[in-house]
Amino acid sequence: GKAEWNSDNTLTFQHENTIKTISAENELLETVTLPKENLPEDGGFDLSWNEKYILVIDKQIESSWNQVGLVCFDEDGKVYLANVALFDWEGNVVKEYNKGAVDGYDEQGNYPDGKVFDRHYYLADGNHIYWIDEDKVIFECHLLVVYYDFSKDEGKILDDMRKYGEIYGKFSVYYGVQNPQCGVLNGNFYYLCQRDDEDGETKFSIWKANEGG
């Protein structure tokens, strides 16, 4: 699972359904346990956290191949979450988002709320999630930079580079956000990306995004 150094030189890490914090002297300082009845039965999940919330993302494994944590977008660019759950640091469920099999919510392929999503992006492994404050998060989706505010339960696309996927096909991996060349500073998400080409030479640049755009 995920591990993260804290500003006070402690280390916080996921172990199964717990989050533990240890000191630099290897002393166990805190353990937060998430109830197993609110988690995927097969243990297929990853965690991401900040000082207020713990986000549980269903992970793609053999026994639950189609039920995975996603950020989704409809034709209007509105953002939805699927197969993720939000917990507090007491281990209580705050909200569960659109549980179900991907591409299998009903026979017509419709997702919850009557929406049909034309694009979704896999969130598990914890490397695509950047908290910019205790309620707001950035999902790094390669050709998309997506913002979500859990206090309002709404999100939006901040940077859309999907045209490079349409132009270059499998070679679009060279465009968009260059993971893991990303980070958060003072509530802003900074990312290195490739969104231009000239005479066959790649041109990388650093961009900044926040809730304002």
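Everything here concerns the structure above.
From a predicted model like this one, the values you see are computed outputs, not experimental measurements. (Residues numbered from 1 in each chain as written. Predicted model: local features only at pLDDT ≥ 70, side-chain atom pairs only at ≥ 80, totals over all residues. Heavy atoms only, no water.)

1. Here we look at the pattern of salt bridges
Okay, so step 1: Throughout the structure, instances matching the rule amount to seven salt bridges.
Okay, so step 2: A salt bridge links Lys59 to Asp46; the nearest nitrogen and oxygen atoms lie 3.8 Å apart. One end of the pair, Lys59, is in the loop between strand S6 (53–58) and strand S7 (70–73); the other, Asp46, is in strand S5 (residues 45–49), and 13 residues separate them in sequence.
Okay, so step 3: The exposure class assigned to Asp46 is buried, which follows from its relative accessible area of 8%.
Okay, so step 4: One salt bridge in this structure joins Arg162 and Asp160, with 2.7 Å as the shortest N-O distance. (Salt bridge = Lys/Arg side-chain N within 4 Å of Asp/Glu carboxyl O. Helix = DSSP H or I, 4+ residues; strand = E, 2+ residues; numbered from the N terminus. Buried < 20%, exposed > 50% of the residue type's maximum accessible area, 1.4 Å probe, protein only.)

2. Quick word on the packing of aromatic side chains
Okay, so step 1: Under the criterion given, the structure shown has nine aromatic pairs.
Okay, so step 2: Through a chain of ring-to-ring contacts, the aromatic side chains of Tyr53, Tyr97, Trp131, Tyr148 and Phe150 assemble into a single cluster.
Okay, so step 3: The positively charged end of Lys2 is found above the aromatic ring belonging to Trp49, 5.2 Å away from the centroid. (Phe/Tyr/Trp six-rings, centres within 6.5 Å; stacked < 30°, edge-to-face > 60°. Lys NZ or Arg CZ within 6 Å of the ring centre and 35° of its normal.)

3. Side note on the sheet that holds strand S3 (residues 18–22)
Whether parallel or antiparallel, the strands of a sheet pair through hydrogen bonds between backbone atoms.
Okay, so step 1: The four strands lie next to each other as S1-S2-S3-S4, forming an open sheet whose pairing is antiparallel. If you trace the sheet from one side to the other, it starts and ends with strand S1 (3–5) and strand S4 (28–33), each paired once. Taking each pair of neighbouring strands and ignoring which way they run, the sheet shows an average axis angle of 15°.
Okay, so step 2: Pairing geometry for strand S2 (residues 11–15) and S3, over five bridges, is antiparallel. Bridge pairing links Leu11 to Ile22 in S3. (Pairing = 2+ DSSP bridges. Axes fitted to C-alpha atoms, helices over the stretch in contact; angles between N-to-C directions.)

By themselves these figures say nothing about function.
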